[in-house]
Amino acid sequence: MFRGLRYNKPNHRAMKKALFLLTILTCFFNCTVNKTPEFIGVSTIEVEDSNSKFITLKAEAEFLNPNDIGGTLKTDDLKVIINNNEISSVTAESFDVPAKDKFTIPLRAKIPTDSLFSDKNLSSLLGSLLTKNMKVQYVGDIDYKIMGFSHKYHVDVIDNVKIKL
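Residues numbered from 1 in each chain as written. Predicted model: local features only at pLDDT ≥ 70, side-chain atom pairs only at ≥ 80, totals over all residues. Heavy atoms only, no water.

Asker: When you look at the packing of aromatic side chains in this model, what are you seeing that I'm missing?
Answerer: Applying the stated criterion to the full structure yields 5 aromatic pairs. Look at Phe39 and Phe63: their rings are 5.2 Å apart centre to centre, the planes differ by 45°, and that puts the pair in the tilted class. Here Phe39 is found in strand E1 (residues 38-42), whereas its partner Phe63 is found in strand E3 (residues 54-65), with 24 residues between them in sequence. Where Phe63 meets Phe103, the ring centres are 5.5 Å apart and the plane angle is 10°; that geometry is what we call stacked. With a gap of 40 residues between them, Phe63 in strand E3 and Phe103 in strand E8 (residues 101-112) connect regions that are remote in the sequence. Its relative accessible area of 6% is what places Phe103 among the buried residues. Put simply, the rings of Phe39, Phe63, Phe95, Phe103 and Tyr153 pair up and form one aromatic cluster. The ring of Phe54 carries Lys110 above its face, with NZ or CZ at 4.7 Å from the centroid. (Phe/Tyr/Trp six-rings, centres within 6.5 Å; stacked < 30°, edge-to-face > 60°. Helix = DSSP H or I, 4+ residues; strand = E, 2+ residues; numbered from the N terminus. Buried < 20%, exposed > 50% of the residue type's maximum accessible area, 1.4 Å probe, protein only. Lys NZ or Arg CZ within 6 Å of the ring centre and 35° of its normal.)

Asker: Would you explain the environment of Ile55 in this entry?
Answerer: Considering the arrangement of structural elements, one finds Ile55 in strand E3. Classification of Ile55 by relative accessible area gives buried; the value is 13%. Expressed as a C-alpha distance, the spacing of Ile55 and Thr113, which sit 58 residues apart in the sequence, is 6.5 Å.

Asker: I'm lost on the environment of Ser94 in this one. Help?
Answerer: Residue placement: Ser94 occurs in the loop between strand E6 (85-89) and strand E7 (95-97). Separated by 11 residues in sequence, Ser94 and Ile105 have C-alpha atoms that sit 9.8 Å apart. A polar side-chain atom of Ser94 sits 3.3 Å from a polar atom in the side chain of Lys74. (Polar contact = N/O pair within 3.5 Å; in protein donor to acceptor, adjacent residues only side chain to side chain.)

Okay, structure coming up:
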């Protein structure tokens, strides 16, 4: 009598896919991702370390992320200009942005001392040695990326850094 009717087992694979999609959609609609993190500014530039081969400069870029999820920041496009001469660039790995938090990312530049003693820098170097200050500028872009969306923050900060002799 019931020979033509068959009991179909539930398709577990399809149920897992549907549950995964439902989880993604729930997170997407309940999480705020409508704002980019706010760039607050760059802290004072200072000499972190110096020796006969390198001078390491350090500053920190400060941000506030109002979103429920993070993203990544890259600092590959930041240049370091000392006494109006481009000397180096900021080297850093990608930085993971925390959700709903105020945070800082380090901006370190390792500058070979022999690049400071080149012919084009000699007059500005002598002036720096007399005043015990050098003018350091960080200029360029910090890139923020999240789920296919990207935003650039332009950085242009100048500071007089004390030279320790």
